[in-house]
Amino acid sequence: MSSLSPRSFLVTETIDLLLYISKTQSFTETSRLMGLSQSMVSRKLSAFEATTGITAVDRSSRPVKLTPEGKMLLEALMPYIEGLRGTSPVTLLKTFLQT
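Residues numbered from 1 in each chain as written. Predicted model: local features only at pLDDT ≥ 70, side-chain atom pairs only at ≥ 80, totals over all residues. Heavy atoms only, no water.

*Asks:* Help me understand the pattern of salt bridges, please; the structure alone is not making it clear to me.
*Replies:* Pairs can form between side chains of opposite charge once their charged atoms are near each other. By the definition in use, this model includes 2 salt bridges. Glutamate 29 serves as the salt-bridge partner of arginine 32, at 2.5 Å between the closest nitrogen and oxygen. Placement of both arginine 32 and glutamate 29 in helix H2 (residues 27-34) is noted, with a separation of 3 residues, approximately one turn of the helix. For glutamate 49, the salt bridge is made with arginine 59, and the minimal N-O distance between the two is 2.7 Å. With glutamate 49 in helix H3 (residues 38-52) and arginine 59 in the loop between strand E1 (57-58) and strand E2 (65-66), this pair connects stretches of sequence that are 10 residues apart. Judged by its relative accessible area of 10%, glutamate 49 falls in the buried class. (Salt bridge = Lys/Arg side-chain N within 4 Å of Asp/Glu carboxyl O. Helix = DSSP H or I, 4+ residues; strand = E, 2+ residues; numbered from the N terminus. Buried < 20%, exposed > 50% of the residue type's maximum accessible area, 1.4 Å probe, protein only.)

What follows is the structure, encoded as structure tokens:
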């Protein structure tokens, strides 16, 4: 059984979603990497944006990109990664961005 609470899981999933979109700039590639359908990635992102009132991704541009608010949000969420995953956010980002 996972030690993550439902809230922690949602934070982790949101961070993953934003990280993948930031790196891949593609809903299709993000969905492949997360093992979700493209429509599920879009729905999860839309639900998150509706809940927070933040437009995190500019869907009108190709490739898709994080908005300035989305970038600030991702930076603000990074400390949670250390607590949830036991990994330094800087180390995690460097590793993620090098892949």
